[in-house]
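Examining the three-dimensional arrangement
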Amino acid sequence: MSSDASTPMDNLSHEDRSFTPDPAFARDAVAQKTLYAEADADRLAFWAEQARELLTWDTDFTQTLDWSNPPFARWFGDGKLNAAYNALDRHVEAGNGDRVAIHFEGEPGDTRTYTYAQLTEEVKKAANAFTALGVAAGDRVAVYLPMIPEAVITMLACARIGAAHSVVFGGFSADALRSRIDDAEAKLVVTADGTWRRGKPSALKPAVDAALADGRSTVETVVVVKRNGEPVDWTEGRDTWWSDTVETASADHTAEAFEAEQPLYILYTSGTTGKPKGILHTTGGYLTQAAFTHRNVFDLRPETDVYWCTADIGWVTGHSYVVYGPLVNGATQLIYEGTPDTPHQGRWWELVQKYGVTILYTAPTAIRTMMKWGEDIPGGFDLSSLRVLGSVGEPINPEAWMWYRRVIGGDRCPIVDTWWQTETGAIMISPLPGVTATKPGSAQVPLPGITADVVDDTGAPVGDGEAGYLVIREPWPSMLRNIWGDPDRFVQTYWSRFEGMYFAGDGAKKDDDGDVWLLGRVDDVMNVSGHRLSTAEIESSLVGHPAVAEAAVVGAADETTGQAVIAFVILRGSAAGEDKETMSETLRQHVGKDIGAIAKPRKVLIVPELPKTRSGKIMRRLLKDVAEGREVGDATTLADGSVMNEIAADFAK
Ligand code: WT7
């Protein structure tokens, strides 16, 4: 990066608020500062100790890491274990069978509770059923399910028999499902008739039918959970009900131990170009880091906490922090099927109150949506059970961070802003609650045993106060092992940009204390007249204006300046009546004043909605198409497909 790279980022690092841990919290915290020194002294010994402490091994390992063929890592390579045994049976054997594993709440308000003993029994039945359907160790199973307990049961049943699951988010289309089924050559698909969304039944099975319509896929069987009772088409000989196949199966099943490097799952994530990448995770190292981070980053007390991660199992957050981390740690958690505004905008807070949720893990986009709805809504519920708040998925702007802390956390709960990726498998950079003095908007410090750094173009570490690229220097236990079926792409995408380092694709900056601030994907870093500008930073500035609820910024090609900043904003209810042109100009000036004239958007378009995927990620690529006057590209993963037509029409005016 050029030497002036850091200049436009300055407003982020001028954030000088900091919140020191409450002394009582710090004294009893699960994570203690000594973890950093331990890991620094001997990183591999540290991870070996975590693996033995947090997991139950059938055969102990003698080698912690085999890095003789980089970037292909083997962690705990000669050890053997079973993932489902670690998440289930051993808790029952330890006398905790009556502890609640899952409180489930459906969108219509139906509830179910599974103790560890009951969940173990359900998983054993599913394991027997899948085996009877011909699924064996090493096979792949596609999972296309809503947020219901059967999703967790299915994933753990696959793990139990050594088959890799490939969860496909329920919001993806039939085409997306088919390409993932084909790439992984899945034998079995587990789906549901449908789910509930915003009070209405929403179908899933028709997409599976469409995906398999030509009868030429590798899929032999489709198991269908009855969730919303909507009529479904049926293919005799291929389709079978969960109630006929799984619920009738025997609950006797002994888990077989597999090698630590047995594939646990494939999860597809979109790359910058081309087809989605099948990120491959394996068993021993992945479970070690998922459990370690879940315990230490959230200060977990399995006996007393009620943990709630709002992510869907279709994303990696749902894999590591709904399924594997919490269950391996023996935690009690809440799973909620539906949308946050059904039947009213206080649903989440009603759930926190009802279940006495103590740890909440969610995404900045959700927090900003709640801000938009107004603080009176959470204010109407008792949130005093909460004690730790987490954020994940994108940089959290200081404004949203402060709101989360004050309105949801009652100025009492530490916030952990956790940076990681599908590829990293588990949290990599985050404050530790009770240890780190937190700063609004920064993920701050690599976790013990993680060697994250910020480097310049040449791979040399940047100094404090400078920006560059986020890299990981040394292998970590939950790292991706490969891209399914495409080792060349694995090497090319992640290990070729900087010699001997993992390139995360994110821009980052170290502040004067050496703390890390994430600046968004490097593809989202704009270059305006030779100055680097972060979309995240301009968005943060816009959202800092009292009239703005949400903002998305893109760099549009410009003949003169290289790129120009284009902003799309949603106004808060209180500003909705303002004249749009005056408001746009006010906001341009606001950014100019906040960051510098160079960052002033060329255009601020006031829009009713932003294009978001169903997981809440803003699709800036589509906004960029509009800003550059192109036809809008593939919008099939949008939650609401009509949004882009409106924005494009407004932009052209
Ligand atoms: C990308 C990974 C990790 C689970 C959900 C997303 C961005 C993620 C943060 C954070 C700033 C973040 C990065 C990363 N990201 N967490 N706390 N602060 N940026 O997983 O879909 O694989 O996306 O999300 O850009 O590269 P993913």
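Everything numeric here is computed off the predicted structure, so don't read it as measured data.

Quick look at the UniProt feature "domain: Acetyl-coenzyme A synthetase N-terminal" (unreviewed entry) in the protein
- Here the UniProt feature "domain: Acetyl-coenzyme A synthetase N-terminal" (unreviewed entry) sits at residues 33–87.
- Secondary structure across residues 33–87 divides into 45% helix and 20% strand, with the first and last C-alpha atoms of the span separated by 28 Å.

Focus on the site of the ligand
- Near the ligand, the surroundings consist of 20 residues, among which Pro395, Trp419, Gln421, Thr422 and Leu518 are the closest.
- When residues of the shell around the ligand are traced back to their parent elements, those giving at least two are α12 (316–328), β20 (415–418), β24 (502–510) and β25 (516–521).
- Of all the elements, β24 adds the most residues to the shell around the ligand, at three residues.

Thoughts on the sheet that holds β20
- The mixed open sheet is built from seven strands, whose spatial order is β5-β4-β17-β16-β18-β19-β20. The sheet terminates laterally at β5 (111–115) and β20, the two strands that pair on one side only. Looking at each pair of strands side by side, their axes are set apart by 15 degrees on average, direction ignored.
- With four bridges connecting them, strand β19 (residues 388–392) and β20 associate as parallel partners. For valine 392, the partnering residue across the bridge sits in β20 and is threonine 418.

Observations regarding the sheet that holds β24
- Spatially, β21-β22-β24-β25 is the arrangement adopted by the four strands of the open sheet, whose pairing is antiparallel. Each end of this open sheet is capped by a strand with a single partner; those strands are β21 (452–455) and β25. Averaged over all neighbouring strand pairs, the angle between strand axes comes to 45 degrees, with direction disregarded.
- The sheet contact formed by β21 and strand β22 (residues 467–472) spans four bridges and is antiparallel. Bridging from a neighbouring strand, alanine 452 pairs with isoleucine 472 of β22.

Let's talk about the nonpolar core
- Among the nonpolar cores identified, the biggest contains 200 residues, and Phe130, Val143, Leu156, Val189, Ala567 and Val569 are the most heavily contacted of them.
- Viewed by domain, this core spans two of them, domain 1 (3–495) and domain 2 (525–652), each represented by three or more residues.
- Not counting chain neighbours up to four residues away, the residues in contact with alanine 567 comprise Ile538, Leu542, Ala551, Val553, Pro601 and Val604.

Remarks on the packing of helix α5 (residues 83–96) against helix α6 (residues 116–132)
- Packing of α5 against α6 leaves a shortest axis separation of 9 Å and a crossing angle of 140 degrees. Regarding the angle of α5 to α6, the classification is oblique. Considering the relative orientation of α5 and α6, their crossing is left-handed. Within the contact between the two elements, α5 uses Ala84, Leu88, Asp89, His91, Val92 and Asn96 and α6 uses Tyr116, Ala117, Leu119, Thr120 and Val123.
- Grouping the amino acids of the contact of α5 with α6 by side-chain chemistry returns seven nonpolar, three polar and one charged.

Topic: the pairing of strand β14 (residues 263–269)
- Most of β14 sits inside the fold, with six of its seven residues counted as buried.
- Bridge analysis of β14 against strand β15 (residues 277–282) gives six bridges, and the strand direction is antiparallel. Residue pairing across strands places leucine 267 opposite isoleucine 279, the latter belonging to β15.

Digging into the confidence of the model for the protein
- Overall, the predicted model of the protein reaches an average pLDDT of 92, with 95% of residues at or above 70.
- Ignoring residues within four places in sequence, the model shows residues 1–13, a span with pLDDT below 50, making 39 contacts including any to other chains.
- The complex prediction reports pTM at 0.84, with the ipTM value standing at 0.99.

Comments concerning the environment of valine 543
- Tracing the backbone shows valine 543 in helix α18 (residues 535–543).
- Setting aside chain neighbours within four positions, we find valine 543 in contact with Arg368, Asn397, Glu399, Ala400, Val548, Glu550 and Ala551.

Some points on the packing of α5 against α12
- In contact at an axis separation of 8 Å, α5 and α12 are set at 50 degrees when each is read in the N-to-C sense. Regarding the angle of α5 to α12, the classification is oblique. Along this stretch, α5 crosses α12, giving a crossing that reads as left-handed. Within the contact between the two elements, α5 uses Asn86, Ala87 and Leu88 and α12 uses Tyr324, Leu327 and Val328.

Comments concerning unusual backbone geometry
- At the junction of proline 70 and proline 71, the peptide bond is cis and its omega measures out at 5 degrees in the coordinates.
- Within the fold, proline 71 resides in the loop between β1 (65–69) and β2 (72–75).
- Residue threonine 342 is joined to proline 343 through a cis peptide bond whose omega torsion reads 0 degrees.
- With respect to the element layout, proline 343 can be found in the loop between β17 (332–336) and α13 (347–355).
- Phi is positive for aspartate 299, close to 55 degrees, though the residue is something other than glycine.
- Structurally, aspartate 299 is set in the loop between α11 (284–297) and β16 (306–309).
- C-beta crowding within 10 Å serves as the criterion here: with 22 such atoms nearby, aspartate 299 is assigned to the buried category.
- Even without being a glycine, aspartate 411 presents a positive backbone phi close to 60 degrees.
- Here aspartate 411 is to be found in the loop between α16 (398–408) and β20.

What counts as what
Residues numbered from 1 in each chain as written. Predicted model: local features only at pLDDT ≥ 70, side-chain atom pairs only at ≥ 80, totals over all residues. UniProt positions renumbered as here; feature names shortened; annotations may be inferred. Helix = DSSP H or I, 4+ residues; strand = E, 2+ residues; numbered from the N terminus. Near = placed C-beta within 6 Å. Pairing = 2+ DSSP bridges. Axes fitted to C-alpha atoms, helices over the stretch in contact; angles between N-to-C directions. Core = buried A, V, L, I, M, F, W, Y, C linked by C-beta atoms within 7 Å. Buried ≥ 20, exposed ≤ 12 C-beta atoms within 10 Å, placed from the backbone. Domains from an automatic or database assignment. Contact = placed C-beta atoms within 7 Å. Parallel < 35°, antiparallel > 145°, perpendicular 65-115°, else oblique. Left-handed = near helix turned anticlockwise from the far one by under 90°. Nonpolar A, V, L, I, M, F, W, Y, C, P; charged D, E, K, R; others polar. pLDDT = per-residue confidence, 0-100.

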